[in-house]
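Here are the chains, one letter per residue:
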Amino acid sequence: MSLDSVVSEVKAKQEVWEKEISQMRGKKFATICVHGAYTKHEAIANNQGAIIEPVYTSTSQAFLDADCLEAALAYKIPAWAYSRIANPTIGYLELMLSMLESYGAPRRASACCTSSGMAAIRAAAEPFISEEKPGRKNIVSMAQVYGGTFQLFSERFAKERGVEVRWVENPADLSEWASKVDADTRFVYGEIPSNPGIMLFDIEEVAKLAHAQGAPLITDSTLSTPALCRPLEHGSDIVVHSLTKSMTWSGRAVAGALVSRENIMSGAISEEAKRDFAGWVKLWPLRDAGACISPDNASRVLDCVRVLPGIMDLLSRNAMKVATFLEGHPGVERVHYPGLPSHPQHAIAKKYMRLVDTGENRFGHLLSFEVKGGHASARRVLDRLKFIFNATDLGRIKSVAVIPTISTHQQQGEEGRKKARIPASLVRLCVGAEDADDIIGELKEALE
Ligand SMILES: *Cc1c(COP(=O)(O)O)cnc(C)c1O
């Protein structure tokens, strides 16, 4: 088979598929969650009619002849070649995520899946601080970020790479962001909302500040999922996810993803990288870093994503009931939940956290509360919980609780925790899909 005929045959198939994908993009969010890019033609022409995305556990792809091999490895025809670089099952998930994160956004997006959320955050951030563009560099991030991200920025980037990390302590204060972002800022970073402090930031306004200095905004949207918030629509350049959490509410996979819109803003990376950042990360730096997702995990994520809007709606409604109960309980000092009017950033949450297509406010399922009587009381409450598991986990169909200062945020140290406003009496609770009355009943007993 000549190289030309290989290329044209594959391109013809690709065109049919792309047409189907673009029709799917015109559907409602819930429909895309069910089908994504796994279209009729894709099922019948390439997958023996399998109605669910097959899990390709094969390490690599065989080619008909030398021409096909050469064309594939030169990235001239879509091929997957080797599972660290690409894989059909992973490809279906990446297309699904790109469709969901760009839903309602003016520009297309692309996605790249990774072995974990931390791998996605590192893959998204690292290109901007590379030595390819020497000179002074700083990054500006809200201080309340996930513990692993805090360590990545302060240990790996600041101590090992000499990057100045400027922490924004009050992410609701735009003047604090403005005073820290400057011409040497390589990227701006925030979580919506943050784990476990449950703080938010105004994506649109912070994106404007970043863009005015030529820097991209990276948003960790793990706790919102695209069913509640799609940061690309609001001006963020890159979205990162720990797919391990709410996106895979079954609790059966560790995985991550970065999703970027086309033509992102940056003075620190090449034109090619800016055009399709996630695609570029996938083909080059991630290929070399080797932090690929497994096809098995990709299929588990896909299975959970199919019902994402319904699940996030249910979990959010449960969390709202639990938060309201806790706020009225005499044994509780304070409740942090963006859905409560008492939350200092309730207005920002109302602006950004909305159930897709209905537009109704839904605030996710993570909340935290400070127990009266300090750390010892918090321990006692945790120890008395029964079906609510005590685990350093969140985003599950099951309710899970933890004390951040002795677990997830232990390594951050006293000062780091103070910056992130995490007191020792804080219990983080991620509300599951159990009956809300049963969850409340159990908390009531534990707080007695
Ligand atoms: C858990 C988490 C991460 C890290 O994800 P892993 O999949 O555990 O590597 C990043 N950001 C947030 C907000 C998280 O909750």
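None of the values given here were measured: they were computed from a predicted structure. (Residues numbered from 1 in each chain as written. Predicted model: local features only at pLDDT ≥ 70, side-chain atom pairs only at ≥ 80, totals over all residues. Heavy atoms only, no water.)

A. Local environment of the layout of surface pockets. Of the volumes computed, that of the largest pocket is approximately 2,000 Å³. Around the largest pocket, the lining is made up of 50 residues, and of these Gln14, Trp17, Ile77, Pro78 and Ala79 lie nearest the centre. Listed by contribution, the elements that provide at least two residues to the lining of the largest pocket are helix H1 (3-25), helix H3 (40-46), helix H4 (66-73), helix H5 (88-101), strand S1 (109-114), helix H11 (271-275) and helix H12 (277-283). Looking at the lining of the largest pocket, the element that brings in the most residues is H1, giving ten residues. (1 Å grid on protein atoms, 1.4 Å probe; cavity = no way out; pocket = protein on both sides within 12 Å on 5 of 7 lines; lining within 4 Å. Points joined across faces, edges and corners; volume = space filled by probe spheres on them. Helix = DSSP H or I, 4+ residues; strand = E, 2+ residues; numbered from the N terminus.)

B. Structural context of the pattern of salt bridges. In total, this model carries 25 salt bridges according to the counting rule given. Where Glu131 meets Lys137, a salt bridge forms, and the shortest distance between an N and an O atom there is 2.8 Å. Its relative accessible area of 57% is what places Glu131 among the exposed residues. One salt-bridge network, in which partners are shared between bridges, spans Asp313, Arg317, Glu360 and Arg362. (Salt bridge = Lys/Arg side-chain N within 4 Å of Asp/Glu carboxyl O. Buried < 20%, exposed > 50% of the residue type's maximum accessible area, 1.4 Å probe, protein only.)

C. Geometry of the sheet that holds strand S10 (residues 389-390). Here we have five strands laid out as an open sheet, ordered S8-S9-S12-S11-S10, and mixed in their pairing. For this open sheet the edge positions go to strand S8 (332-336) and S10, each flanked by a neighbour on one side alone. In this structure, strand S11 (residues 400-402) lies alongside strand S12 (residues 426-430), joined through three bridges in antiparallel fashion. When the sheet's bridge partners are listed, Val402 is paired in S12 with Arg428. (Pairing = 2+ DSSP bridges.)

D. Inspection of the domain arrangement of the protein at higher detail. According to the domain assignment, the protein contains domain 1 (1-82), domain 2 (85-94 + 101-305) and domain 3 (308-447). Taking only C-alpha atoms into account, the centre of domain 2 sits 24 Å from that of domain 3. Between domain 2 and domain 3, the residue contacts involve 44 residues of the former and 39 residues of the latter. For the pairing of domain 2 and domain 3, the buried interface totals around 3,400 Å² over both sides, and the portion due to carbon and sulfur atoms is 64%. For the interface between domain 2 and domain 3, the tally reads two salt bridges. Between Lys351 and Glu204 there is a salt bridge; the shortest N-O distance is 3.6 Å. Applying the counting criterion to the domain 2 and domain 3 interface returns 16 residue pairs in polar contact (both at pLDDT 80 or more). In terms of residue count, helix H10 (residues 225-228) provides more of the side of domain 2 that touches domain 3 than any other element does, four residues in total. Here the residues of the side of domain 2 that touches domain 3 are counted per class, giving 25 nonpolar, 14 polar and five charged. (Domains from an automatic or database assignment. Contact = heavy atoms within 4.5 Å. Buried area = accessible area lost by both parts, 1.4 Å probe. Polar contact = N/O pair within 3.5 Å; in protein donor to acceptor, adjacent residues only side chain to side chain. Nonpolar A, V, L, I, M, F, W, Y, C, P; charged D, E, K, R; others polar.)

E. Molecular detail of the site of the ligand. With respect to spatial proximity, 13 residues lie near the ligand, and among them Gly117, Asp220, Ser242, Thr244 and Lys245 are the closest. One of the backbone N or O atoms of Met118 is found 2.8 Å from an oxygen atom in the ligand. In the model, a nitrogen atom of the ligand is placed 2.7 Å from a nitrogen or oxygen of the Asp220 side chain. Protein burial of the ligand: of its 380 Å² of free accessible surface, 92% is covered by the chains. Per-element accounting of the shell around the ligand gives the leading share, three residues, to helix H6 (residues 117-125). A breakdown of the residues in the shell around the ligand according to their chemical character gives four nonpolar, six polar and three charged. (Near = heavy atom within 4 Å. Areas by Shrake-Rupley, 256 points an atom, 1.4 Å probe, with all protein chains shown as cover.)

F. Local environment of the packing of aromatic side chains. This structure, assessed with the given rule, holds 15 aromatic pairs. With 6.2 Å between their ring centres and 85° between their planes, Trp17 and Tyr92 make a pair best called edge-to-face. Of the two residues, Trp17 sits in helix H1 while Tyr92 sits in helix H5, which places them 75 residues apart along the sequence. One exposure class covers both Trp17 and Tyr92, and it is buried. Summarising the aromatic geometry, the rings of Phe187 and Tyr189 are spaced 6.4 Å apart at their centres and angled 65° between planes, so their arrangement reads as edge-to-face. Residue classification places Phe187 among the buried positions, given a relative accessible area of 0%. Classification of Tyr189 by relative accessible area gives buried; the value is 1%. Site record: aromatic cluster; members linked through ring pairs are Phe128, Phe150, Phe153, Phe157, Trp167, Phe187, Tyr189, Phe277 and Trp280. (Phe/Tyr/Trp six-rings, centres within 6.5 Å; stacked < 30°, edge-to-face > 60°.)

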